[in-house]
Amino acid sequence: MMIQHLNEAIAACEALIQRSEPMERELEQDIGTAQFSFSSLPLPSQDWMEACQTMGNILTGMGVIEHASTWRSMGLLIEPDRGKFYEEAGRIFTYCEQWEQAIYCCEQLLVDHPDHTPTYHRMARLYNKVGNYKAEGQIMHALLMRQPTENSAKSHFKLGQSLAAQGQLARAVECYQQAIARNPEFVQAYYALGDLWLKQGNYEETIDLFQQLAEQMPNEAHVHHRLGRAYRQTQQLELAILSFRRALQLDPELRWAYMGLLNTLLQLQRWEETLETCRGIIHFIGESPWVYCFMGNALSKSGQKEAAIASHQKAFSLRGWSQPEALGYEFAYTWYGENIPLCERYLTPLIEPAERLPLRVLSLGSGDDSSLCWLVDNILQQPDDQLLCMTTGASEQFKNNTAKLPDASKLILKEGPLPAQLNRLSAQLQKRASVPLFDIIYLQSKNKQADYIQQLAMQAWPLLKPDGVMIFRAYRWQHPTDASQSSQVGIDAFVKTVSAQRLHQSHQLILRKERE
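Below or above, wherever it landed, is the structure these notes cover.

Rules and cut-offs
- Residues numbered from 1 in each chain as written.
- Predicted model: local features only at pLDDT ≥ 70, side-chain atom pairs only at ≥ 80, totals over all residues.
- Heavy atoms only, no water.
- Helix = DSSP H or I, 4+ residues; strand = E, 2+ residues; numbered from the N terminus.
- Buried < 20%, exposed > 50% of the residue type's maximum accessible area, 1.4 Å probe, protein only.
- Contact = heavy atoms within 4.5 Å.
- Areas by Shrake-Rupley, 256 points an atom, 1.4 Å probe, with all protein chains shown as cover.
- Phe/Tyr/Trp six-rings, centres within 6.5 Å; stacked < 30°, edge-to-face > 60°.
- Core = buried A, V, L, I, M, F, W, Y, C linked by side-chain atoms within 4.5 Å.
- Axes fitted to C-alpha atoms, helices over the stretch in contact; angles between N-to-C directions.
- Parallel < 35°, antiparallel > 145°, perpendicular 65-115°, else oblique.
- Left-handed = near helix turned anticlockwise from the far one by under 90°.
- Nonpolar A, V, L, I, M, F, W, Y, C, P; charged D, E, K, R; others polar.

Here the focus is the overall build of the protein chain. If you tally the helices and strands in the protein chain, you get 24 helices and seven strands. In terms of principal-axis extent, the alpha carbons of the protein chain reach across some 95 × 60 × 45 Å. Burial status across the protein chain gives 48% buried among its 516 residues. At a minimum sequence separation of 6, the contacts of the protein chain that also span at least 24 residues come to 61%. Counting only carbon and sulfur atoms, one obtains 50% of the accessible surface of the protein chain, whose full area is about 25,000 Å².

Printed below as a string of structure tokens:
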């Protein structure tokens, strides 16, 4: 309700801004004439003062005191300042995470101030927030063309980030190198370049870069963490462990270094050392869901199934999902707990409308039954919501866990080859002249090879509704012997053929289907 009042108050201010523009031109024409005197200057408009006061009151109620003072001061101006209004309105929209409205304010501000560099940077960040990386790149490119020398290192870096998000990795590398050439002390550009080289499989260059940085900045934890990641990627696991431990000596709370260390220990099948490390993290840092997730998987691998289930129940409980413990779901090995925050962020908007059609979800694969139980428990909230799981074969654990769902009828299981199942479903829809079925499609097939994932995605895409969400569970999976068959290769090739907005890109890729 407060956000609605805020939007209405900003709209009222904007209407006064637009109404005042002819008056400003008349005042400018009067200044300099014989009839002009300072005593003839008008007082601030009563409507404008009241509108700004209303903004100040709303912001005070929201606890944003600093912004409230700014708006009250704006109300004392004789005539509304268009540039100041859009600048401050943009800040408020950004604070409220109303990204599209904030972008609009940047556009209006650039009409009057086309060379205002901070606005270009702010607008690029906003486009990044909404996943419009193409527009973000266009903004940064426009800034570089308009001001080729001013802030060029930062601008090249930002453009590189945008290009990397679009999958244009070669161009992104060039931008990072340009940023470094313009500012050899730009540490973030070195990090980004090394991370991108690692993603491209340029392991030798990556290790050389981070080794040099480690020599130059021996007390920088993030350098040693990144060097550890590069060692782990090239299977130099003992060196990776040394780098991760060095990073943690420098920064005992660096979560990603702990994760790198635990992943390496798991890879070496050093179960007891993994468990001791998890217990140490809990003792010194405190309880976190990701620690119990690692602990559960190490317990599972070491044959301690009951303890593994209890550890995962604890991890899910810390994530706010109490049903595994309350209903007795038995997940012995799962990484899904780390994906819950992403799913909450991008799937919850689909269920927020009070009056909506029944939700339809398609899971291609049953690789992680905890993900499907979470979807049924947390996303399929209306009686007619439904999840169709197509899988080559469901495990007994999957069947036992899904049987414990409060409403097991919401999950429909179909077993058989996935491409054949998708072909049959598509044919049925064409025969009935039906519209796309699904609001969410989740690809979590056990077969993660590039060719297979690309084929599945292309078959499933026509079944996804406009504005629907497609999730790739294993975006960063690396093929053990053939890099061309790593999952990201096939997924990126698919994305180039469709009109989609990248909502999130890390170990998972989340897309939103754009309307035609």
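The discussion continues.
What follows covers the packing of aromatic side chains. The full count for this structure, using the stated rule, is 17 aromatic pairs. Seen in terms of ring centroids, Trp-290 and Phe-294 are 6.4 Å apart; in terms of plane orientation they differ by 90°. Their pairing is edge-to-face. Of this pair, Trp-290 and Phe-294 both sit in helix H16 (residues 289–301), four residues apart, which is roughly one turn of the helix. Residue Trp-290 is classed as buried on the basis of its relative accessible area, which comes to 8%. We classify Phe-294 as buried; its relative accessible area is 3%.

Ranked by internal contacts, the top residues of the largest apolar core, which has 98 residues, are Trp-71 and Phe-85. The dominant element in this core, judged by the number of residues it contributes, is helix H10 (residues 187–200), at eight residues. Core analysis: the next-biggest nonpolar cluster, separate from the first, contains 32 residues, Tyr-329, Ile-351, Ile-379 and Ile-440 among them.

One can describe the packing of helix H5 (residues 99–112) onto helix H6 (residues 117–129) by two numbers: an axis separation of 9 Å at closest approach and a directional angle of 155°. Relative to H6, the element H5 is oriented roughly antiparallel. Every pair of crossing elements has a handedness; the one defined by H5 and H6 is left-handed. In this structure, H5 uses Trp-99, Ala-102, Ile-103, Cys-106, Glu-107, Leu-109 and Leu-110 to contact H6, whose residues at the interface are Thr-119, Tyr-120, Arg-122, Met-123, Leu-126, Tyr-127 and Lys-129. Within the contact of H5 with H6, the residues separate by chemical class into 10 nonpolar, one polar and three charged.

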